[in-house]
Amino acid sequence: MASYLLLGKEMQEKPTINLGLEGVYFSESRIAMIDGINGRLYYCGYSIASLAENSTYEETCYLILHGRLPTSEELEKFSAMMKSFRDLPDGIIRLIKEMARNTVPMDTLRTAISALPAYQSNKYENPEEENFAESVNIISKSASIIAAIERFRNGQDYIKPNASLGHAANFLYMLKGSPPDEKHSKILDVMMILHAEHGSNASTFTSIAAASTLSDLYSAITAGISALKGPLHGGADEAALRMLYAIGKPENTAKYIDDALSGKKRIMGFGHRIYKTYDPRARIIKKYLEELENDANGEVRKLAKIEMEAEKIMIDKLGKQKGIWPNVDFFSGPVYISLGISKEIFTPLFAASRSVGWCAHVIEYWKNNRLIRPLDYYTGSIDLEYLPISERR
Ligand code: ACO
């Protein structure tokens, strides 16, 4: 085997390569604890089930950013700050309008977030205050940006935020222009809590890697959005719904799955790098879907039936055998559809909900920053003779 110079040493043996950084720890964190064997997830010590049951998205954001639950006074102040950041500057509205008709919503969201610093005039006392304010600005505005994208996509106008509503309810209001149904607002609030944070997944790691160069928060979050877009990560929610439509009716499910698996295709919304059991978030979303099924329109009921069938077949075929279980993206689609949210903005909404996790991780990492610079093992040639172009074949 060839030997190459590595960090000043002659390397004789090929190093162990952890493809996809699987199983590699790169930092310590106090934000999320994920138990992939027993299907448990905690944000700052609180189980996802108890937060979904008792908390609100605003309170969960405070928890993730500060590491503890707020007092009522602190929550009031934090919620007021979120509200104060909701409205979009005219330049961002124009940018969204320009992009929305011909660009997928994730691209418009990514571009709009990266343009936000152009409209930030506030001066902050210290970096901590600045990081916190920028985080709240991103969390708050990302939802408004998505509502604006969807309205412009449909030839409608921007709707200004409503300060009497909580974050999730205001998003629905800015999306539809009418006072949102209380039950719908509650369900969306829970969906946002469930998507708020998830350790050092691909998009969070990407945000941290960008931030580790001491770049800025907006750039880091823009990088996170880029990573979330792919169908192996956040893009799976839309892909899973498209799959349900492709299946069409419950009786087609078994054949669809058989054909896909024998063609070595992935069933979207199943499998996870960490969870080798049922994703605890999927359990909670499934419970909401079952409740919705009882009062939902025919479309949601039909989609839910296909999902229940697909879940049964997949668990039978791959659950115990390969640890492939439903993940957070599997049941989300029909829930969003029942709230009147179209599939094109599922992943942007995931990004908006996750923005708090990205910000919190970046700020945490900066406290003990080290440039992220892993190695790749070079397998090409060296010392090749440079031939003039006229002599190359
Ligand atoms: N459908 C069918 N087979 C699957 C699936 C799936 N969804 N997921 C994994 N497998 C199979 C693989 O084909 C592989 O089989 P093999 O050992 O016979 O080759 C085995 O399970 C292990 O798969 P890996 O790709 O090694 O698992 P990895 O940890 O890299 O994958 C991932 C995780 C990317 C999420 C994968 O399960 C997948 O592609 N799922 C579908 C997309 C999806 O739902 N993504 C959302 C994840 S949650 C989130 O990011 C928010």
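These figures come from a predicted structure and were not determined experimentally. (Residues numbered from 1 in each chain as written. Predicted model: local features only at pLDDT ≥ 70, side-chain atom pairs only at ≥ 80, totals over all residues. Heavy atoms only, no water.)

S.K.: Could you give an account of the overall build of the protein chain, naming the residues involved and the relevant values?
M.R.: Looking only at helices and strands, the protein chain has 16 helices and five strands in total. In summary, the protein chain has a C-alpha radius of gyration of 23 Å against a globular reference of 21 Å for 393 residues, a match within 12%. When its C-alpha atoms are laid out on the principal axes, the protein chain stretches across 70 × 60 × 50 Å. Buried positions account for 49% of the 393 residues belonging to the protein chain. Taking the contacts inside the protein chain whose residues are at least 6 apart along the sequence as the reference set, 75% of them involve residues at least 24 apart. Within the structure as shown, the protein chain displays about 20,000 Å² of accessible surface, and the carbon and sulfur contribution to it stands at 51%. When the 47 positive and 49 negative side-chain charges of the protein chain are each reduced to one mean point, those points stand 4 Å apart. (Helix = DSSP H or I, 4+ residues; strand = E, 2+ residues; numbered from the N terminus. Rg over C-alpha atoms; globule rule 2.2 N^0.38 Å. Buried < 20%, exposed > 50% of the residue type's maximum accessible area, 1.4 Å probe, protein only. Contact = heavy atoms within 4.5 Å. Areas by Shrake-Rupley, 256 points an atom, 1.4 Å probe, with all protein chains shown as cover. Lys, Arg positive; Asp, Glu negative; His and termini not counted. Charge placed at Lys NZ, Arg CZ, Asp CG, Glu CD.)

S.K.: Tell me about the nonpolar core, and please be specific about residues and values.
M.R.: Grouped together as the largest cluster of nonpolar side chains are 107 residues, with contacts concentrated most on Tyr43, Ile96, Leu109, Ile145, Phe171, Leu188 and Ile341. With 11 residues, helix H6 (residues 127-153) is the single largest residue contributor to this core. Looking at this core, you find at least three residues from each of domain 1 (35-231 + 350-366) and domain 2 (236-338). Ignoring any residue separated from it by four or fewer positions in sequence, one finds isoleucine 341 in contact with Phe171, Leu172, Leu175, Leu188, Tyr336, Phe346 and Leu349. (Core = buried A, V, L, I, M, F, W, Y, C linked by side-chain atoms within 4.5 Å. Domains from an automatic or database assignment.)

S.K.: So, the packing of helix H2 (residues 57-66) against helix H3 (residues 72-84): which residues are in play, and what are the values?
M.R.: Running from amino to carboxyl end, H2 crosses H3 at an angle of 100 degrees, the nearest separation of the two axes being 10 Å. With respect to their mutual orientation, H2 and H3 come out roughly perpendicular. Together, Glu58, Glu59, Cys61, Tyr62 and Leu65 of H2 and Glu74, Leu75, Phe78, Ser79 and Met82 of H3 make up the contact between the two elements. Its residues placed into classes, the contact of H2 with H3 shows six nonpolar, one polar and three charged. (Axes fitted to C-alpha atoms, helices over the stretch in contact; angles between N-to-C directions. Parallel < 35°, antiparallel > 145°, perpendicular 65-115°, else oblique. Nonpolar A, V, L, I, M, F, W, Y, C, P; charged D, E, K, R; others polar.)

S.K.: I'd like to hear about the sheet that holds strand E4 (residues 40-43), residue by residue, with values.
M.R.: An order of E3-E4-E5 is seen for the three strands of this open sheet, with the pairing classed as antiparallel. A strand with exactly one partner marks an edge of an open sheet, and here the two such strands are strand E3 (32-35) and strand E5 (46-47). Looking at chain direction, E3 and E4 are connected through four bridges and run antiparallel. The residue of E4 that forms the bridge with isoleucine 34 is leucine 41. (Pairing = 2+ DSSP bridges.)

S.K.: How would you sum up the pattern of salt bridges? Please name residues and give values.
M.R.: Throughout the structure, instances matching the rule amount to 16 salt bridges. Between aspartate 107 and arginine 110 there is a salt bridge, with its nearest N and O atoms 3.1 Å apart. Placement of both aspartate 107 and arginine 110 in helix H5 (residues 105-115) is noted, with a separation of three residues, approximately one turn of the helix. Judged by relative accessible area, which is 26%, arginine 110 ranks as partly exposed. Taken together, the salt bridges that share partners define one network made up of Glu150, Arg153, Lys343 and Glu344. (Salt bridge = Lys/Arg side-chain N within 4 Å of Asp/Glu carboxyl O.)

S.K.: Tell me about the site of the ligand, and name the residues and values.
M.R.: Taken together, 21 residues surround the ligand, and among them His233, Ile267, Phe270, Arg273 and Lys322 come closest. At 2.9 Å, a side-chain N or O of arginine 266 approaches an oxygen atom of the ligand. Classifying every residue of the shell around the ligand gives 11 nonpolar, five polar and five charged. (Near = heavy atom within 4 Å. Polar contact = N/O pair within 3.5 Å; in protein donor to acceptor, adjacent residues only side chain to side chain.)

S.K.: Let's hear about unusual backbone geometry: which residues, and what values?
M.R.: A positive phi angle, close to 65 degrees, is found at leucine 214, a residue other than glycine. If you trace the backbone, leucine 214 turns up in the loop between helix H9 (202-211) and helix H10 (217-228). Not every positive phi belongs to a glycine, and lysine 264 is a case in point at roughly 60 degrees. Topologically, lysine 264 is positioned in the loop between helix H12 (253-262) and helix H13 (280-295).

S.K.: With reference to specific residues and values, describe the environment of serine 355.
M.R.: Within the secondary structure, serine 355 sits in helix H16 (residues 346-366). Overall, the relative accessible area of 2% leaves serine 355 in the buried class. Considering only alpha carbons, one finds serine 355 and isoleucine 139, 216 residues apart in sequence, at a separation of 5.6 Å. In this structure, serine 355 is in contact with Tyr57, Ile138, Ile139 and Ser142, ignoring residues within four places of it in sequence.

S.K.: Account for the domain arrangement of the protein chain, with residues named and values stated.
M.R.: Here the protein chain is partitioned into domain 1 (35-231 + 350-366) and domain 2 (236-338). On the side of domain 2, 22 residues touch domain 1, which itself brings 24 residues to the contact. Where domain 1 abuts domain 2, roughly 1,800 Å² becomes buried across the two surfaces, and 66% of that area is made up of carbon and sulfur atoms. Mapped onto the side of domain 1 that touches domain 2, the elements with two or more residues apiece are E4, helix H1 (48-54), helix H8 (182-194) and H16. For the side of domain 1 that touches domain 2, the element with the most residues is H8, which contributes eight residues. (Buried area = accessible area lost by both parts, 1.4 Å probe.)

S.K.: If you had to explain the packing of helix H11 (residues 236-247) against H16 to someone new, which residues and values would you point to?
M.R.: Where H11 contacts H16, the axes come no closer than 7 Å and their chain directions differ by 150 degrees. With respect to H16, the element H11 is oriented roughly antiparallel. Considering how the two elements wind past one another, H11 and H16 form a crossing that is right-handed. Listed contacts from H16 to Asp237, Glu238 and Leu241 of H11 are Phe346, Thr347 and Phe350. Per-class residue counts for the contact of H11 with H16 are three nonpolar, one polar and two charged. (Left-handed = near helix turned anticlockwise from the far one by under 90°.)

S.K.: Could you give an account of the state of the cysteines, with specific residues and numbers?
M.R.: Scanning the entire structure with this criterion turns up zero disulfides. Here cysteine 359 is not cross-linked by a disulfide; its sulfur's nearest cysteine counterpart is in cysteine 61, at 9.3 Å. Residue cysteine 359 is classed as buried on the basis of its relative accessible area of 0%. (Disulfide = S-S within 2.5 Å.)

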